[in-house]
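# Topology and contacts: notes
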Amino acid sequence: MRRASTPLTILAEIDPELRDELDYRLLCIHRQVDAFHPSQLPATHFARFVIIDDPTPSVGERLPALLAWECNHDGTIDDYLSAVAEHTPQIDRVFSCCTGYPRDGTRNFDDWVLWMRERAHRSMAFYTAYGDVSHQQVHNDRAVHQAIREIIDADRPALRVLPPEELHRRIARELATRYPQLDISAQGEGTMRWAFGKLIAVLALLVFLPFALLAFVPWYVILRRKERADAATAGPVHDPRNLWVAEDHFTQNQLTHIVDIKPGWFRVATLWIVLTVIDALAKLWYVHGDLGGIVTIHFARWVFVPDRRPEPELRRHRLLFFSNYDGSWENYLGEFIDRAAGALTAVWSNTVGFPASRALRGEGARDEEGFKRWARDCQVPTLVWWTGISGSTVQNVRNDLWIRRRISRELDEDEARAWLRRL
Amino acid sequence: MPRTTTPDLRSQPVQAAAPEQLTMPSMTEQLASSDAQSHPQGVDLEEVQGLLYSSWADHPYAAYLFATLGEAKRARAWLRQLAAQVTPATPALRPAHGRVQVALSPRGLQALGVPKEVIAQLPHEARVGMFARARVLGDLDPLGFTLGAKDELEVMVMVYARDPAARDELVSAQRAALQAAGARLLPVELSTPLGEPGKLEPEHFGFADGISQPFLRGLHDEPRPGADPIPAGELVLGYPNAYGRMPHSPRWGDFDLGRNGSYLVFRKLEQHVERFWGTCTEQARALLGEGAPAATQALADKLAAKMMGRWKSGASLTLAPDYDDPAATTAERLNTFGYLAEDRDGLRCPISSHVRRANPRDARGGTVTGSLTVTGRHRILRRGRSFGPPLPEAMARAGKGDGQARGLYFLCLQTSIARGFEFIQQSWLTNPGFGGLYQESDPITGPGGCPFTIPEDPVRLRLPSVPPMVTMRGGGYFFLPSRPALARIAEG
Ligand code: HEM
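Rules of the game
- Residues numbered from 1 in each chain as written.
- Chains lettered and ligands numbered in written order.
- Predicted model: local features only at pLDDT ≥ 70, side-chain atom pairs only at ≥ 80, totals over all residues.
- Heavy atoms only, no water.
- Helix = DSSP H or I, 4+ residues; strand = E, 2+ residues; numbered from the N terminus.
- Buried < 20%, exposed > 50% of the residue type's maximum accessible area, 1.4 Å probe, protein only.
- Areas by Shrake-Rupley, 256 points an atom, 1.4 Å probe, with all protein chains shown as cover.
- Lys, Arg positive; Asp, Glu negative; His and termini not counted.
- Charge placed at Lys NZ, Arg CZ, Asp CG, Glu CD.
- Pairing = 2+ DSSP bridges.
- Axes fitted to C-alpha atoms, helices over the stretch in contact; angles between N-to-C directions.
- Contact = heavy atoms within 4.5 Å.
- Buried area = accessible area lost by both parts, 1.4 Å probe.
- Salt bridge = Lys/Arg side-chain N within 4 Å of Asp/Glu carboxyl O.
- Polar contact = N/O pair within 3.5 Å; in protein donor to acceptor, adjacent residues only side chain to side chain.
- pLDDT = per-residue confidence, 0-100.
- Donors = N, O, S within 2.8 Å, 3.2 Å for Na, K, Ca; no water.
- Near = heavy atom within 4 Å.
- Nonpolar A, V, L, I, M, F, W, Y, C, P; charged D, E, K, R; others polar.
- Domains from an automatic or database assignment.
- Core = buried A, V, L, I, M, F, W, Y, C linked by side-chain atoms within 4.5 Å.
- Phe/Tyr/Trp six-rings, centres within 6.5 Å; stacked < 30°, edge-to-face > 60°.
- Parallel < 35°, antiparallel > 145°, perpendicular 65-115°, else oblique.
- Left-handed = near helix turned anticlockwise from the far one by under 90°.

## Notes on the overall build of chain B
On a plain count of helices and strands, chain B comes out with 15 helices and 16 strands. Sorting the 492 residues of chain B into buried and exposed places 59% on the buried side. Accessible surface computed for chain B: about 17700 Å², of which carbon and sulfur atoms make up 55%. Between the averaged position of the 53 positive side-chain charges in chain B and that of its 51 negative side-chain charges there is a distance of 4 Å.

Have a look at this one:
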């Protein structure tokens, strides 16, 4: 089975000497005046480059600045990196500003892949609205829907008098003859696919449960004590760095967010458990573009950014969040609060400055203004961002898929009517 | 049209200065019984500006004055005398006729000498201003704004009068006062006089407006059927909002400057009436062929209603899918409907229609209550009026204009512009992916040039490209202070 929509997150330390050079290069890429552009990447849904600074450390020294490359691609990471090295060697222009980059870059294929792999960070939780749809499929289905539109618009008076089943058949026939290059097969989207994973997850839960029950009371006591002592940011919603200027240019939007995890192993461990659960839910249950009523997220991920400095008391592990979503920031944050406040609080109440939370689920993100302010505080400008499916919302992608899969089937009257209503 | 008692006085006959007396007893009763316990949402009627309470429909003549302030001391002296004239919500404290309200932009506050750290607490979007937010709002030509393109709208004085002479008097008095204070005045914006009292006011396209409004317990007397109560903190600062939290309110030292105030959005939207009706007629003709003028007109009316989401009478398409049915305009039915159960796919009221986008009610995803909770967090109190003369219907239908500018002074109140007006404008009205749609915007207020889908069985009708029906001419974001806040600002 071909894997669709794999997340890739590369975090590479920037050579301080070359920082200006990198800033400038990213600006040129953003302006599309560089030899490299993310659109040259093979079979990629979304891609971004971000510089992660550490401007105001709460304790100790600043952490070195990182260059983050986030993207979502088809196939395995190895296949993808090979394809990038082969088709987009210009990517050297970006990463040559990082420490330890292989001297000949992509030309030194083995070293390059190794270097990248060493800097690839696993997503602790990853959500995708189309784990079952490849890049190519998304584009095919979009073109299929467009073709159907043209067929109907060209001949609506004659078509609308047909009974629904007949109308559906007629469209399917026209598609096959007039658009032979398009794939109108019923393939894709298996529901059985996740059954095995769900079984494993439930079994794992059963095995884990007795331990969880034992640990629950002490964990809860410590958690509440910590929560009561935590400080939260306060004040009106603001946007001091004018991040909004880079938002709302397309149907889709981006968000990059990084925040210190509260000090100590307790929070890291709690976060690990929470994100593991969310990851399992996202991979096995929320697989059709609907995350508990939120239908606007294409891809989202949490990445743990460890601090490996020798002094444990000075370490500041960080939690990085990337999202590619539809619509406005205000809508996105609003949906978070309206439909997923509990889950988000469970994650982010383990990080610094988050609105006061109760028992990992209460309050927190429900403090609307507090949450939005905090989110803006920790947000980082996305310097280069590219979408491979500009103009399509998650709902569009899922709908196109749904329509295409029912073209070559025989539909009865009700099914045909439902199908036609989706056009 | 039968209507229940409402805080919006336009439903009351004008001859009675009586409407106020009429509502008085219930008001006073309410006030009497409203200690903080029994009425946790009771809003301080003496402190809030009356516009939060009423649209002053018994004052059919309105004017908006905009100005850039001069030297701070003189500006404060001006505000001091104006603050005394500002109409509160309390009926007993209002003059027999004539209403005055005032709003200040962040720049205006600065000009009045309000310290920077206070202004910094105003909402981000108000501080950057509507002009800067053009892209977010889908405004295509901000440089062409005749209002607000130069950050010049510092004060907005709203006056309401019962007759033209009284309005002119109010306008010249306010202008003289501003001028005396060294302010630079912009041309007066005069509203179209309201029509027949007790009737729903049509906007220029011909559709009854002002039907669906949020209802504020403790501020507005009696809910009309279908007027959903929202927490006071959605419209007035200083009270819990729809999240059960106190909305952030700017403080000036110990003084809560925001309390009993609100944020006001003003937009001058020019309506291309001949284009709207011309397009509908043209499309109807294209669908029916030449001839049969009656049928063409009926279809044009239907297409127009599909774009708006209501018929001209105000009847909802979900209740009256086929024709403008008077039975759907009774007070009980006019605004009591949802979309999910009756019309999930938009076969009656298109998902892309203005009214359905502006408030998707129970059809914003998830369960009915879940959706209502979500949509209830994006409600605004609309207080707009029209400008310019109406275009005769025959000309409009023929697609012929008269060279006159006309449109809507869109005006709304809320405690969060980002979650109120901006959200509705951006995430619902203009959003090309709203409700699963493909690259289309509100056919009424959107930027135009995109398709409009009318769901139908067995297959939808799609107008491939709807021209822009409305052009944004400018506007701004303002703070609508309480009366004590005005006094505080005037004090310096
Ligand atoms: C010239 C431009 C506009 C025209 C002609 C117009 C017209 C109308 C009409 C006829 C109604 C139905 C009457 C009613 O429900 O009260 C309505 C409802 C509404 N409009 Fe507009 N409108 C315009 C601009 C706007 C803008 C810019 C916004 C906000 C961003 C807006 C927000 C609303 C809301 C919230 C409703 C009530 C929806 C409901 O609760 O069902 N309108 N409009």
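Next comes the rest of the account.
## Description of the sheet that holds strand 10 (residues 384-387) of chain A
Residues and elements named next belong to chain A. Taken in spatial order, the 4 strands line up as 1-3-2-10 in an open sheet, and their pairing is antiparallel. Taken across any chain shown, the strands that pair with only one partner, and hence form the sheet edges, are strand 1 (6-13) and strand 10. This sheet shows a mean twist of 10° between the axes of neighbouring strands, independent of strand direction. Direction of pairing for strand 2 (residues 44-52) relative to strand 3 (residues 66-73): antiparallel, over a ladder of 8 bridges. Looking at strand 3, one finds that Val50 is bridged to Ala68. Against the sheet, helix 1 (residues 19-30) contacts strand 2, strand 3 and strand 10, and its axis sits at roughly 145° relative to strand 2.

## Things to note about the interface of chain B and chain A
Listed per partner, the contact involves 39 residues of chain B and 43 residues of chain A. Across the chain B to chain A interface the summed buried area is about 3600 Å²; carbon plus sulfur atoms make up 47%. Interface area lost by chain B to chain A is led by B:Arg135, B:Tyr438 and B:Pro458, which between them contribute 20%. The shortest N-O distance in the salt bridge between A:Asp153 and B:Arg462 comes to 2.9 Å. Remark: the boundary between chain B and chain A carries 29 residue pairs in polar contact (both at pLDDT 80 or more).

## Thoughts on the confidence of the model for chain B
Residues and elements named next belong to chain B. Of all residues in chain B, 91% have pLDDT values of 70 or greater, and the mean over the chain is 89. In this model residues 1-40 is a low-confidence stretch, pLDDT under 50, and it forms 68 contacts with partners more than four residues away in sequence or in other chains. In the predicted complex, the global pTM is 0.92; the interface-specific ipTM is 0.93.

## Observations regarding the pattern of salt bridges
Under the definition given, this model contains 56 salt bridges over all chains. One salt bridge connects A:Arg417 with A:Glu413, and the closest N-O pair in it is separated by 3.0 Å. Of this pair, A:Arg417 and A:Glu413 are both found in helix 12 (residues 413-421), 4 residues apart, which corresponds to roughly one turn of the helix. The shortest N-O distance in the salt bridge between B:Arg397 and B:Glu393 comes to 2.9 Å. With B:Arg397 and B:Glu393 both in helix 13 (residues 393-397), this residue pair falls 4 residues apart, about one helical turn. Members of the salt-bridge network, linked through shared partners, are A:Glu413, A:Asp414, A:Arg417, A:Arg421, B:Arg344, B:Asp345 and B:Asp457.

## Side note on the coordination of the iron atom of the ligand
One donor from the polypeptide reaches the iron atom of the ligand: B:His354 (NE2), at 2.1 Å. Relative to the helices and strands, B:His354 resides in helix 11 (residues 354-358).

## Observations regarding the site of the ligand
Residues and elements named next belong to chain B. Around the ligand, the structure places 27 residues, and the nearest of them are Ile211, Ser212, His354, Arg361 and Arg382. In the model, an oxygen atom of the ligand is placed 2.5 Å from a nitrogen or oxygen of the Ser212 side chain. Within the side chain of Arg382, an N or O atom sits 2.7 Å from an oxygen atom of the ligand. Elements supplying a minimum of two residues to the shell around the ligand: strand 10 (262-271), helix 11, strand 13 (407-414) and helix 14 (421-430). Here the shell around the ligand takes 4 residues from helix 14, the largest share from any one element. Counted by class, the shell around the ligand contains 14 nonpolar, 7 polar and 6 charged residues. No fewer than three residues from each of domain 1 (45-269 + 476-491) and domain 2 (272-377 + 434-472) sit in the shell around the ligand.

## Some thoughts on the nonpolar core
By size, the foremost hydrophobic cluster in this structure holds 83 residues, and its most contacted members are B:Trp78, B:Leu178, B:Phe205 and B:Phe276. Here this core gathers at least three residues from each of two domains, domain 1 (45-269 + 476-491) and domain 2 (272-377 + 434-472) of chain B. When residues no more than four places from it in sequence are discounted, the contact partners of B:Phe276 are B:Phe205, B:Phe207, B:Ala304, B:Met307, B:Ile444 and B:Met469. Core analysis: the next-biggest nonpolar cluster, separate from the first, contains 51 residues, A:Val138, A:Ile294, A:Ala346 and A:Ala365 among them.

## A short note on unusual backbone geometry
Here B:Asp457 and B:Pro458 are connected by a cis peptide whose omega angle stands at 0°. Assignment of secondary structure puts B:Pro458 in the loop between strand 14 (450-454) and strand 15 (461-466). If you check the backbone angles, A:Asn242 has positive phi at about 50° while not being a glycine. By the secondary structure assignment, A:Asn242 is in the loop between helix 7 (195-229) and strand 5 (252-260). Phi at B:Asn260 takes a positive value of approximately 65°, unusual for a residue other than glycine.

## As for the packing of aromatic side chains
One pass over the full model with this rule turns up 43 aromatic pairs over all chains. Pairing A:Trp69 with A:Phe95 gives two aromatic rings, centres 5.8 Å apart and planes at 55°, and the pair type is tilted. Of this pair, A:Trp69 sits in strand 3 while A:Phe95 sits in helix 3 (residues 92-95); the two residues are 26 residues apart in sequence, bridging distant segments of the chain. For A:Phe95, a relative accessible area of 0% gives the class buried. Relative to B:Phe266, the ring of B:Tyr64 has its centre 5.4 Å away and its plane inclined at 65°; by these criteria the two rings are edge-to-face. Of the two residues, B:Tyr64 sits in strand 1 (residues 61-68) while B:Phe266 sits in strand 10, which places them 202 residues apart along the sequence. B:Tyr64 sits in the buried class, given a relative accessible area of 0%. For B:Phe266, a relative accessible area of 0% gives the class buried.

## Here we look at the domain arrangement of chain B
Residue and element names in this part refer to chain B. The domain architecture assigned to chain B consists of domain 1 (45-269 + 476-491) and domain 2 (272-377 + 434-472). Computed over C-alpha atoms, the centres of domain 1 and domain 2 are 31 Å apart. The interface of domain 1 with domain 2 comprises 22 residues on the first partner and 26 residues on the second. Summed over both partners, the interface of domain 1 with domain 2 buries about 2000 Å², with 70% contributed by carbon and sulfur atoms. If you sort the residues of domain 1 by the area they bury against domain 2, Phe205, Phe207 and Ile211 come out on top, with a joint share of 37%.

## A look at the packing of helix 6 (residues 164-178) of chain A against helix 12 of chain A
Residue and element names in this part refer to chain A. At a closest axis distance of 8 Å, the pairing of helix 6 and helix 12 adopts a crossing angle of 60°. Relative to helix 12, the element helix 6 is oriented oblique. Handedness of the crossing formed by helix 6 with helix 12: left-handed. Counted together, Pro164, Glu165, Leu167, His168 and Ile171 of helix 6 and Glu413, Ala416, Arg417, Trp419 and Leu420 of helix 12 form the full contact between these two elements. Of the residues belonging to the contact of helix 6 with helix 12, the class tally is 6 nonpolar, 1 polar and 3 charged.

## Observations regarding the environment of B:Val118
All names here are of chain B. Its place among the elements puts Val118 in helix 4 (residues 116-119). The buried category is assigned to Val118, whose relative accessible area is 3%. For Val118 and Gly449, which are 331 residues apart along the polypeptide, the C-alpha to C-alpha distance reads 42 Å. Ignoring anything within four residues of it in the chain, the contact list for Val118 reads Pro250, Arg251, Trp252 and Leu257.

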